[in-house]
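# A structural walkthrough
For reference, the chains in residue letters:
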Amino acid sequence: MIFGTGRLKLRGVDRSVVTDGPMIADHASAEQYGHQGLKKLPRVRLGKLALYYRDLGKDYYVPYDYIDRSFVRISECQPDDSPAYYYYRIILMHDGKEFANLIINEEDVADKVLQRLQEIRPQIAIGYVSTGKEKPRFM
């Protein structure tokens, strides 16, 4: 069969796959933030059980207790004869490592996601902290 069954398939950080049960129901009723692509699918969903996101055509879930830290990284694109364009990346970290990089087009949406993460689980640290091991991006 070339195409999928049409059922939602959520992939977890532990590489598990969920196709039915409370996680699917939570995904359907979750708060939606941002959009991606022409279909305007939500980029990030915040449910009662987990954070859900879509990346490269696949849907993922992350239990809130897995997220240690989150912050917004601003990226700048400088076209030749146009003003700079900015987009915002919501970075999710676990155990000192980045595991998700979610591109959001609007700064206020990225800020709302961080605010809601903090409200849902106050133990999630918000903001960037240097590890001292970063390599300079531009020389």
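Here's a quick rundown of the structure. Since we're looking at a predicted model, the values are computed, not measured.

### Quick word on the packing of aromatic side chains
- Taken as a whole and assessed by the stated rule, the structure comprises four aromatic pairs.
- Seen in terms of ring centroids, F71 and Y128 are 5.1 Å apart; in terms of plane orientation they differ by 70°. Their pairing is edge-to-face. Highlighted residues: F71 in strand β7 (residues 69-77) and Y128 in the segment after β10 (125-126), separated in sequence by 57 residues.
- Accessibility expressed as a relative area gives 46% for Y128, which makes it partly exposed.

### Observations concerning the side chain of R89
- With respect to the helices, strands and loops of the structure, R89 is situated in strand β8 (residues 85-94).
- Within the buried core, R89 has no salt-bridge partner, and the shortest N-O distance to an opposite charge, that of E98, equals 8.1 Å.
- When near neighbours in sequence (up to four residues on either side) are disregarded, R89 contacts F71, V72, R73, S75, N101, L102 and I103.

### Here's the deal with helix α1 (residues 22-29)
- Where α1 is concerned, the buried positions are M23, I24, D26 and H27. Within α1, the buried residues cover an arc of 160° as seen down the axis, which keeps them to one side. Exposed side of α1, more than 90 degrees from the buried face: P22, A28 and S29 are the residues found there.
- The inward-facing, buried residues of α1 abut β1 (10-12), β2 (17-18), β4 (44-46), β5 (50-55) and β6 (58-63).

### Structural notes on the sheet that holds β5
- Pairing is mixed in the open sheet, where six strands are placed in the order β2-β1-β6-β5-β4-β3. For this open sheet the edge positions go to β2 and β3 (31-33), each flanked by a neighbour on one side alone.
- Pairing of β3 with β4 involves three bridges; the strand directions are antiparallel. Bridging across to β4, Y33 finds its partner in V44.
- This element, α1, spans β1, β2, β3, β4, β5 and β6 of the sheet and lies at about 75° to β5.

### Observations concerning the pairing of β7
- Pairing analysis gives nine bridges linking β7 to β8, with the strands arranged antiparallel. The partner of S75 across the bridge, within β8, is Y87.
- Sheet topology note: the β7/β10 ladder contains two bridges and is parallel. Each residue of the ladder has a partner; that of R69, found in β10, is A125.

### Quick word on unusual backbone geometry
- You will see that R15, though not glycine, has its phi angle at about 70°, which is positive.
- Tracing the backbone shows R15 in the loop between β1 and β2.
- On the basis of relative accessible area, R15 is assigned to the exposed category, the value being 76%.
- Although it is not a glycine, D95 sits at a positive phi angle of roughly 55°.
- As for its placement among the helices and strands, D95 is situated in the loop between β8 and β9 (97-104).

### Observations concerning the pairing of β5
- Where β4 lies against β5, three bridges are found, and the strand directions are antiparallel. Its bridge partner lying in β5, L46 is registered against L51.
- In this structure, β5 lies alongside β6, joined through six bridges in antiparallel fashion. The residue bridging Y52 from the neighbouring strand is Y61, located in β6.
- Between β5 and β6, which follow one another and run antiparallel, lie two residues, and L56 among them has a positive phi close to 50°.

Calculation criteria
- Residues numbered from 1 in each chain as written.
- Predicted model: local features only at pLDDT ≥ 70, side-chain atom pairs only at ≥ 80, totals over all residues.
- Heavy atoms only, no water.
- Phe/Tyr/Trp six-rings, centres within 6.5 Å; stacked < 30°, edge-to-face > 60°.
- Helix = DSSP H or I, 4+ residues; strand = E, 2+ residues; numbered from the N terminus.
- Buried < 20%, exposed > 50% of the residue type's maximum accessible area, 1.4 Å probe, protein only.
- Lys, Arg positive; Asp, Glu negative; His and termini not counted.
- Salt bridge = Lys/Arg side-chain N within 4 Å of Asp/Glu carboxyl O.
- Contact = heavy atoms within 4.5 Å.
- Arc of directions from axis to C-beta.
- Pairing = 2+ DSSP bridges.
- Axes fitted to C-alpha atoms, helices over the stretch in contact; angles between N-to-C directions.

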